[in-house]
Amino acid sequence: MKENKQSSLGRILGCAGGHRRLTALGCLLSALSAVLGLVPYVCVWLAARTALAAWPDLSGVTGLERWGWTAVWFAVGSIALYFAALMCTHLAAFRTARNIRKAAMAHVLTLPLGFFTGNQSGRLRKLIDDNAGLTEDLLAHKLPDLAGTVVTPIAAIVMLFLFDWRMGLLCLLTMVLALLSMCMMMGGKNAGFFHRYQREIERMSGEAVEYVRGIPVVKMFQQTVYSFKAFYAAIQDYSALASQYAMSCRVGQTCFLTAINGTFALLIPAGLLLASAGDARAVLVNFIFYALFAPACGAMINRIMYMSEAVMEASEAMGRLDEIMGRRPMEQPQAGRRPQSAAVDFDHVTFTYPGGDRPALEDVSFSVRPGQVAALVGPSGGGKTTAASLIPRFWDVDSGKVLVGGTDVRALDEKALMDQVAFVFQDTRLFKQSLLENIRSARPGATREQVLAAAHAAQCDNILEKLPDGLDTVVGAKGVYLSGGEAQRIALARAILKDAPIVVLDEATAFADPENELQIQRAFEALTRGKTVLMIAHRLSTVRNADSILVLSDGRVVEQGAHAALLERGGLYAAMWADYQRSAQWKVGREEGV
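Rules used throughout
Each chain carries its own residue numbering, running from 1 in the written order of its sequence. Where local features are concerned, this predicted model is filtered to residues with pLDDT of at least 70; where side-chain atom pairs are given and counted, the filter is 80 or more; whole-chain, interface and lining totals use all residues. Note that the side-chain values use all heavy atoms of the structure and ignore hydrogens as well as water. The helix and strand labels rest on DSSP assignments: H or I over at least four residues marks a helix, E over at least two residues marks a strand, and numbering proceeds from the N terminus. Contact definition: two residues touch when any of their heavy atoms are within 4.5 Å. Methods summary: accessible areas were calculated by the Shrake-Rupley approach with a probe of 1.4 Å, and residue burial reflects only the protein chains presented. Between Lys or Arg on one side and Asp or Glu on the other, a salt bridge is scored when a side-chain nitrogen of the former is within 4 Å of a carboxyl oxygen of the latter. Only protein chains enter the accessibility calculation, which uses a 1.4 Å probe; a residue is then buried when its area is under 20% of its type maximum, exposed when over 50%, and partly exposed in between. Simply put, an axis is a line fit to the C-alpha atoms, just over the touching stretch for a helix, and the angle between two N-to-C directions goes from 0 to 180 degrees. For classification purposes, angles smaller than 35 degrees are called roughly parallel, those larger than 145 roughly antiparallel, those between 65 and 115 roughly perpendicular, and all remaining angles oblique. By the definition used in this description, the sense in which the near helix is turned from the far one sets the handedness, with an anticlockwise turn below a right angle giving left-handed and a clockwise turn giving right-handed. Just so you know the grouping, Ala, Val, Leu, Ile, Met, Phe, Trp, Tyr, Cys and Pro go in nonpolar, Asp, Glu, Lys and Arg go in charged, and all remaining residues, Gly too, go in polar. Confidence per residue, as judged by the predictor, is encoded in pLDDT with a range of 0 to 100. Patches in this entry comprise residues that are over 30% relatively accessible and not in a salt bridge; like charges within 9 Å are linked, as are nonpolar side chains (Val, Leu, Ile, Met, Phe, Trp, Tyr) within 5 Å. If DSSP finds at least two bridges between two strands, the strands pair.

**Remarks on the overall build of the protein chain**
- When you go through the protein chain residue by residue, the secondary structure sums to 22 helices and 10 strands.
- Here the analysis covers contacts within the protein chain between residues at least 6 apart in sequence; of these, 77% occur between residues at least 24 apart.
- Accessible surface, the protein chain: about 30,900 Å² in total, of which carbon and sulfur atoms supply 59%.

**Observations regarding the pattern of salt bridges**
- For the structure shown, the criterion picks out 10 salt bridges.
- A salt bridge links Asp396 to Arg393; the shortest N-O distance between them is 2.6 Å.
- Classification of Asp396 as partly exposed rests on a relative accessible area of 24%.

**Here's the deal with the environment of Leu464**
- Here Leu464 is to be found in helix H18 (residues 461-466).
- Take Leu464: its relative accessible area is 13%, and that puts it in the buried class.
- The spatial distance from the C-alpha of Leu464 to the C-alpha of Leu452 is 9.8 Å, given a sequence separation of 12 residues.

**A closer look at the packing of helix H17 (residues 448-457) against helix H19 (residues 484-498)**
- Where H17 meets H19, the closest approach of the two axes is 8 Å, and the angle between their N-to-C directions is 125 degrees. The angle between H17 and H19 places the two elements in the oblique class. For the element pair H17 and H19, the recorded crossing hand is right-handed. Counting all contacts with H17, which are made through Gln450, Val451, Ala454, Ala455 and Ala457, the residues of H19 involved are Ala493, Ile496 and Leu497.
- The residue makeup of the contact of H17 with H19, split by class, is 7 nonpolar, 1 polar and no charged.

**Observations regarding the confidence of the model for the protein chain**
- Looking at the protein chain, the pLDDT average stands at 77 and 73% of residues meet or exceed 70.
- The lowest-confidence element of the protein chain is helix H9 (residues 215-220), averaging 63 in pLDDT; the highest-confidence one is strand S1 (residues 344-351), averaging 93.
- Note that pLDDT drops below 50 for residues 1-5; the model gives that stretch 12 contacts with residues more than four away or on any other chain.

**Comments concerning a nonpolar patch on the surface**
- On the surface, Leu173, Val176, Leu177, Leu180 and Leu266 cluster together into a nonpolar patch covering about 410 Å² of accessible area.
- No other element matches the 4 residues that helix H7 (residues 165-186) contributes to the nonpolar patch.
- Of note, Val176 is situated in helix H7.
- The exposure class assigned to Val176 is partly exposed, which follows from its relative accessible area of 38%.

**Re the sheet that holds strand S7 (residues 502-506)**
- Taken together, 6 strands build an open sheet; the order of strands is S6-S7-S8-S3-S9-S10 and the sheet is mixed. In this open sheet, the two edge strands, each paired with only one partner strand, are strand S6 (421-425) and strand S10 (556-561). When the angles between neighbouring strand axes are averaged without regard to direction, this sheet yields 15 degrees.
- Strand direction decides the pairing type here: strand S3 (residues 373-377) and strand S9 (residues 548-553), joined by 4 bridges, are parallel. By the bridge assignment, Ala374 is partnered in S9 with Ser548.

**Brief notes about unusual backbone geometry**
- A positive phi is found at His348, a non-glycine position, where the angle reads about 50 degrees.
- Here His348 lies in strand S1.

**What to know about the pairing of S3**
- Across the 5 residues of S3, 4 count as buried, placing the element largely inside the fold.
- Sheet topology note: the S3/strand S8 (residues 532-536) ladder contains 4 bridges and is parallel. Along S8, the bridge assignment pairs Ala374 with Leu534.

**So, the side chain of Ser434**
- Summarising the element assignment, Ser434 is placed in the loop between S6 and helix H16 (435-440).
- According to the relative accessible area criterion, Ser434 is buried, its value standing at 11%.
- When residues no more than four places from it in sequence are discounted, the contact partners of Ser434 are Leu471, Asp472, Thr473 and Val474.

Here you go:
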């Protein structure tokens, strides 16, 4: 799936594995079915010739029943073979789609953890599941139809010239005109339409989700869809693209439909001219055959058009899957080492996000000794969260080193590194399971008593007391929902249970109310006691007692030191502290004298 030069169909069949034989067998059976499906037309011609030769006295005519039953049995045989063909291709298609999903998921598991912070689970599911599903229709239906479509024209051309070359030439002419009309619609400036169409559909779907989420705000301010400019623009762009394509296909579609349905307009006058100049009965027999066979040729052309559409869909699906498969996996060491201590060091680290045009961190160096608390502060977008995410290898650095226990994280065993670090993020994620399982996910082998002890240390007692089933209460769908501060305390209990020597706190009190913030601060004390702590905070009051405060701005460490020393320096941190103090004293109400 990684060779861009290989055709989409070749790449899809490459994922079929041993089931390619089923696909090949299905295509062969479909081709045989198409050939058998032409025989009844010949039987109709033979029956018509026999009947007209004896006209008007049909009492002594023999053979009509034989030609009728022959047509029936060949038609039944054609249907049976086509059914068998579809059974083979469906089995192969389902297993190929499964292999594509498995390959995509296996690759996803090798990607950096940071990949998942920028890609929502719903989008990944859609990319993998929906696009793998698009290949099913191609393999299950369109590919066997293509085999029949390739064989049918060869047999059809032979049959067109078998009885009357002049009528056959007229039928062939309409087929050629239909194919040229189809090329007119799908070629030229319309060649990339399907790609643009899929992009606009995805964009409109995404903006629709955002609009639905924002409906409370829209209604509160008495706005309409027109005020939601991104959604409205997506609708307009999609409408314009669809209309533009429809209008560009007017001539081609008109010519196509006229060609495949207009054969009679040529056959009838041709038949009359031939009948007037020769044997009328023979001409009538041939006319009956071509009048019945011409619609079959039109159906064949339609199949070609639908096949082209399916190939474009499959190509687009494989292209979208390449958005995942093209990502570089996380390289793992052959024999990973274990950290020797809980120290964290950044050694001239530079990092740029994939697709970024400027470094998120540039030449950053600092050290946090075991048991110390280091705080990362600074303006939004300064690189604080980026620095924290490099410790557990959410991403790998472009240059420099991130060391844990004196060893480059890229040389550490993945499980050993994950065991070394506990995380508490501002965006807490709880599973749709019981609180017991949510907390125990940090250490699956923990006992119920250990989970309860961690919950107690995280100040979760009052949460458990008010829930109907206590620790066994299910959260999320078909369960209860917790406030932001309560969910944060459950996440802290999870981190406490893990008992990792390094703790990363990313603005963990951002969405907590005053009561919950007090409880969370108490939980912090239990979590960070004796640990190496890297804390990201905007509320500077929470970091004033840190052993070291690192001020990041524009991806660089511009100041470093203790709270008092940084205030004396009078730099960026001192300005931020002054702003924080003013904001803390601000009150809602009238100013004196107003």
